[in-house]
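Each chain, written out:
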Amino acid sequence: MAALDSTLASFGESLAVVDRDGEQSYLALDGAANAVAAALVRAGVRSGSVVATVCPAGRWWLAGTYGAWRAGAVLLPLEASHPPAELRHPVTDSGVTHVLCTAESVELANELAAFANAQIVDVREAVAAPNFVTLPEISDDDDAMIVYTSGTTGLPKGVVHTHRSLGAQCSAMVEAWDWTAADRIVCVLPLHHVHGLVNVTFTSLSVGAVLETPGGFDAIKTWERLASGDVTIFMAVPTIYSRLVRAWLDADEATKARWSSRAALLRLMVSGSAALPVSTLEQWREISGHVLLERYGMTELGMALGNTLDRRVPGHVGWPFPGVEVRIVNEDIVDVPDGDVGELLVRGSQVFNRYLNRPDATAESFVDGWFRTGDVAQQTPDGYRLLGRASVDIIKSGGEKVSALEIEEVFRTHPAIADCAVVGLPDEEWGERVAIAWIADSADRPTDAEFRAWGKERLAPAKVPFNYLCISELPRNPMGKVTKVAVKERFTTAD
Ligand code: MCA
Ligand code: AMP
């Protein structure tokens, strides 16, 4: 059994997960995982097979995940609310052989299985009728998980993590944030990104803590859990904190007082995945008494930089996590003097193994064993600062990384659009909001709502533009390349 998975049974009867079905102990979760592993082996899973999951958050998702690992498989976590058109690429690119589901996601599972000629396995049925078999030996160097992430070119790339890199990510957070079995966390984040997967789910279960999985984010319900007195740690993206601030401002005085006084009892609140506006940090401090601990991470790395339990500097992302080394370099990959701005490079055992089926992209993203993040950073006496992405074509909306180029490719297939350019506009709630300038192919002028409905059938919600601006031509530089800065300006002047 690999590092991440080996401890479940050792926490015995203590509480592991609280989901919509109630409570489940570590021992029960361990047994369920063995039952799913056996079902997968019987269904033909072999070491290295790719097993996708569209199980709902909670015990079934966990039994499926740990079961897949015990069967020797590589997990592909997918977001069941995304349209099948968005999920087709990860399923076919990774060569999924089996799809884990429950009755509530069986229809989607069948649709995904058809893309790759895969089989579906119902986790609940596997747990209800266990039929144990001998399970394979798993090594820490085996592939454990593939998470798809948008880049500057083409379709999203599969980031492959081994059991070792995931284990190193969890251990670094346990050490940095003093995680123990006495902790309890509520997971409001989706389970197809490292933030919800590793920081919240795998790390809490690696120490024997309690994981609450309400199945998504709802501001009022989240406030009630934060005010419950049970929860000790909370982690979210800036957009979620901004939504919680809004819900608090809308509440009556008695509710405000109750939420604030009880939320102050948590021991740690963390923000990450996108820049935390200092205004949100200040509002949250006034409301909850907590100075949010901001950290910086990436799908390829897990957590690289973070403020610490003892020192939190607004507008800064802190210092390297245990086991992580960083450098800041110029365009020639030469270290810049302290305090100068440059690209952030990262090295350490938590770094991913490779981009799936993309040796070219993997080779390009490493230099002498250092991973090139594409993020622009600066070292200061108060910790590192993140100054944005090197590429304008990477947009962060609500903590989701999206590629302008990928969205353009899809919208160019819209019958009313001859050409288009996608940009990110600064936005208080979303960080950046996706906007598209388009050139009409005919007299047809769809409304924004029609464009959004069309986009949502083809793309994940975060990729569907909010703003649509019809223009006569796209601004280009003398080389003929669309100038994104000028496109952004068109939106400002159009207001
Ligand atoms: C939903 N919508 C969005 C987004 N999410 N639009 C832009 N960007 C988004 N991220 C759309 C919906 O389709 C809807 O469209 C409208 O916005 C309002 O939706 P609403 O129901 O209010 O939103 P929601 O479903 O509550 O989602 C908001 C959210 C979610 C909870 C902030 O986006 C979220 O969970 N974000 C976190 C993502 C995350 O975990 N990222 C970590 C990756 P309409 O009105 O037309 O119906 S980064 C990472 O993992 C690294 C390692 C790191 O550093 O952490
Ligand atoms: P993803 O590839 O979806 O994992 O997103 C990783 C990217 O999110 C990083 O490369 C950064 O650009 C951004 N990011 C994560 N945390 C922070 C943060 N605290 N401040 C600014 N940007 C962040």
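Look up a bit, the structure's there.
The residue count restarts for each chain, going from 1 along the sequence in the order it is written. All chains are assigned letters beginning at A, and all ligands numbers beginning at 1, according to the order in which they are written. Side-chain atom pairs in this predicted model are given and counted only at pLDDT of 80 or more, local residue features only at pLDDT of at least 70, and totals for whole chains, interfaces and linings cover all residues. Side-chain figures throughout are based on the complete set of non-hydrogen atoms in the structure, without hydrogens or water.

Visitor: Teacher, can you tell me more about the environment of Arg-358 here?
Guide: Note that Arg-358 resides in the loop between β18 (354–355) and α12 (359–365). Remark: exposure states derive from per-residue accessible area (1.4 Å probe, protein chains only) relative to the maximum for the residue type, with buried under 20%, exposed over 50%, and partly exposed in between. For Arg-358, a relative accessible area of 27% translates into the label partly exposed. Considered as a pair, Arg-358 and Asp-375 are 17 residues apart in the sequence and their alpha carbons are 21 Å apart. Helix and strand definitions follow DSSP, with helices as H or I runs of at least four residues and strands as E runs of at least two, each counted in order from the N terminus.

Visitor: I'm lost on the site of ligand 1 in this one. Help?
Guide: What makes a residue near a molecule or strand is one non-hydrogen atom of that residue sitting within 4 Å of it. With respect to spatial proximity, 26 residues lie near ligand 1, and among them Ser-273, Arg-295, Ser-397, Arg-452 and Lys-456 are the closest. Pairs of N or O atoms are called polar contacts if they sit within 3.5 Å, as long as, within protein, a hydrogen donor faces a hydrogen acceptor (for residues adjacent in sequence, only side-chain-to-side-chain pairs). In the environment of ligand 1, an oxygen atom lies 3.0 Å from a nitrogen or oxygen atom belonging to the side chain of Arg-243. Within the backbone of Gly-297, one N or O atom sits 3.3 Å away from an oxygen atom of ligand 1. For every accessible area listed, the method is Shrake-Rupley and the probe measures 1.4 Å; residues are considered covered only by the protein chains on display. Summarising the interface, the protein chains cover 76% of the accessible area of ligand 1, which totals 1,000 Å² for the free molecule. For the shell around ligand 1, the secondary-structure elements that each account for two or more residues are α7 (194–207), α9 (238–250), β13 (293–298), β22 (394–397) and α14 (448–456). Here the residues of the shell around ligand 1 are counted per class, giving 11 nonpolar, nine polar and six charged. As a working rule, the residues Ala, Val, Leu, Ile, Met, Phe, Trp, Tyr, Cys and Pro are called nonpolar, Asp, Glu, Lys and Arg charged, and the rest polar, with Gly in that last group.

Visitor: Before we go on, may I ask you to explain the site of ligand 2 in this structure?
Guide: As a matter of local geometry, ligand 2 sits amid 15 residues, with Glu-294, Arg-295, Thr-299, Asp-375 and Lys-396 nearest to it. Backbone polar atom of Ser-273 to a nitrogen atom of ligand 2: 3.2 Å apart, as the coordinates give it. Here an oxygen atom of ligand 2 sits 2.9 Å away from a polar atom, N or O, in the side chain of Arg-389. If you tally residues by element for the shell around ligand 2, the top one is β13, at five residues.

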